[in-house]
Every structure is written in C-alpha cells, then in structure tokens.
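Observations on the model geometry
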Amino acid sequence: MKKLWQLARAATTGAIALLLATSLSAAQDAGQPLKLAAKPAIAKKQPVVGTKSTKQFTTEQMQKQPALARMAPAVKEKEHRLVLQVNTNDQAAMNLALNNATNVTQYYRELGEKVKIEVVTFGPGLHMLREDTSPVKARIETMALSMPEVSFKACGNTRENMHKAEDKEIPIIQQAQVVKSGVVRVMDLEEQGWSYVKP
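These remarks concern the structure in this document. (Residues numbered from 1 in each chain as written. Predicted model: local features only at pLDDT ≥ 70, side-chain atom pairs only at ≥ 80, totals over all residues. Heavy atoms only, no water.)

**Details of the side chain of Ser 134**
One can find Ser 134 in the loop between strand E2 (114–121) and helix H5 (137–146). A polar atom in the side chain of Ser 134 sits 3.1 Å from the backbone nitrogen of Lys 137. If near-sequence neighbours (up to four positions away) are discounted, Ser 134 is found in contact with His 127, Met 128 and Leu 129. (Helix = DSSP H or I, 4+ residues; strand = E, 2+ residues; numbered from the N terminus. Polar contact = N/O pair within 3.5 Å; in protein donor to acceptor, adjacent residues only side chain to side chain. Contact = heavy atoms within 4.5 Å.)

Below, the structure written as structure tokens:
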C-alpha cells in the first residue's frame, strides 16, 4: 500500500510539473509572464484502515493512468510521392528527369523520410526505356540497384504504335514496366495525390 501511494504521488508530481512547463511555454509564446496561483494547502493523508474496496480503487486508478510517453499523439509517417513525365526523345531531358529522381531520393533519405518516384514515358519519350535505342540505359541500370524508390513505366499505346511503324517488336529494358497508357498513368497518380513534374 505504501509503495502504491509513493507511485501515485510521483505520478501526480510529474503531471503537475508537465502542466507548469506547458503553461510557462504558452505564456512565453504569448509574451506574458506566468502568474502562479497561491500554493494550495495539501491535506495530510490520514492513515486509512485497509479495506478491499479502497485497495482495488487505488490499483485500478494506477492501471488506468497512461505513461507520459503515451500521452503524445502518434505521428503518422508521411510518404512523399512524385511522378516525372518524359515525352521527348531528347537525351538532355531524360538525364534531367533522372537527376530530379536522384536529388529527390537523396533529399528525403537524409531526412529519414519515405519517398516513391515514378518516371512515366510516352510518345517519343519511350526511347528512354527502349532496350535498343535508350541513350540512358546504363544509368537506369545503375539507379535501379541503388534506388529502389524509383520505378519506370513505359506507355503500351506508344509501344504498339512504334511496333506498327517499325514493323518489329519494341524491346523494353528490364527495369521498366509497361502500362496501358502513359498519359492515363500520370492522370491516375495525380488523382491519388502524387506531385507532378515535367522536367
């Protein structure tokens, strides 16, 4: 019983200290001095003849009192999401998209935050992900090993049109995934709250 009383007293003292610290901080933020009320008289605890109901009440109170660590609201970790569009057969534009993906990945890694980046290609930009014509194929292969946060999508409609125009199969690099429509993929991601950038 004595131990429970000491624990309850320590918890009360901690709660008072926390309230005072919060009040002082709020007062400082408002530019006002903290005014303390007169210290209330604390009645001496009278010895109580131990009854079962008193002991149960004290134990239940102690069990219901949460630890200070649990008093703070849980913070949900945010995941950042970026879609980069490439729709031109220009090596400089492709490298710029890869630079953007690299820089954003490194930025959030340093902050210890999660990020997902998707590079979506369509139209002439599909050359970025073609096995036979990509000027940045080696760079994408290297990025895929060190940056799993970055993924690549190739437009299926563009691939089909190139197949008809060139009368041959259009091979896509193994690091990329074919989607039905590159434009629709960008739209879907934006509608899900992804940030959109066209380098």
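Read on, since the account is not over.
**Digging into the sheet that holds strand E1 (residues 79–86)**
With respect to topology, 5 strands assemble into an open sheet ordered E4-E3-E2-E1-E5, the strand pairing being parallel. Pairing within the sheet leaves two strands with one partner each, and these edge strands are strand E4 (176–179) and strand E5 (195–197). The sheet shows a mean angle of 25 degrees between the axes of neighbouring strands, taken without regard to direction. Here E1 runs beside E5; their pairing, made up of 3 bridges, is parallel. Looking at E5, one finds that Leu 84 is bridged to Val 197. Each of E1, E2, strand E3 (150–155) and E5 is contacted by helix H4 (residues 91–111), which is oriented at about 175 degrees to E1, the strand it contacts most. Packing of helix H7 (residues 182–191) onto the sheet brings it into contact with E1, E2, E3, E4 and E5, and relative to E2 it is tilted by some 155 degrees. (Pairing = 2+ DSSP bridges. Axes fitted to C-alpha atoms, helices over the stretch in contact; angles between N-to-C directions.)

**Quick word on the packing of aromatic side chains**
Summed over the entire model, instances satisfying the criterion amount to 1 aromatic pair. Relative to Tyr 108, the ring of Tyr 107 has its centre 5.0 Å away and its plane inclined at 85 degrees; by these criteria the two rings are edge-to-face. With relative accessibility at 49%, the residue Tyr 107 sits in the partly exposed group. (Phe/Tyr/Trp six-rings, centres within 6.5 Å; stacked < 30°, edge-to-face > 60°. Buried < 20%, exposed > 50% of the residue type's maximum accessible area, 1.4 Å probe, protein only.)

**Considerations on unusual backbone geometry**
Positive phi, close to 55 degrees, is recorded for Asp 167, a residue that is not glycine. Along the chain, Asp 167 falls in the loop between helix H6 (156–166) and E4. Its relative accessible area of 68% is what places Asp 167 among the exposed residues.

**Topic: H4**
Between the first and last C-alpha of H4 there are 31 Å, a value that for 21 residues agrees with the 30 Å anticipated at 1.5 Å per step. Regarding H4, the residues found buried are Ala 93, Met 94, Ala 97, Leu 98, Ala 101, Thr 102, Thr 105 and Tyr 108. Here the buried face of H4 lies against E1, E2, H5 and E3. Note on H4: the residue one or two positions beyond its end, Gly 112, has a positive phi of about 75 degrees. (Expected span 1.5 Å × (residues − 1).)

**Some thoughts on the side chain of Thr 158**
Considering the arrangement of structural elements, one finds Thr 158 in helix H6. Look past the residues within four positions of Thr 158 in its chain and what remains in contact with it is Phe 122, Gly 123 and Leu 126.

**Considering the pattern of salt bridges**
Once their charged atoms are close, side chains differing in charge can pair, the charge on each being opposite to the other. Overall, the coordinates contain 8 salt bridges when judged by the stated rule. Ionic pairing is found between Arg 185 and Glu 118, a salt bridge with its closest N-O pair at 2.6 Å. You can see Arg 185 sitting in helix H7 and its partner Glu 118 sitting in strand E2, a full 67 residues away along the chain. The class of Glu 118 is buried, set by a relative accessible area of 4%. Through salt bridges with shared partners, a single ionic network connects Arg 130, Asp 132, Glu 166 and Lys 168. (Salt bridge = Lys/Arg side-chain N within 4 Å of Asp/Glu carboxyl O.)

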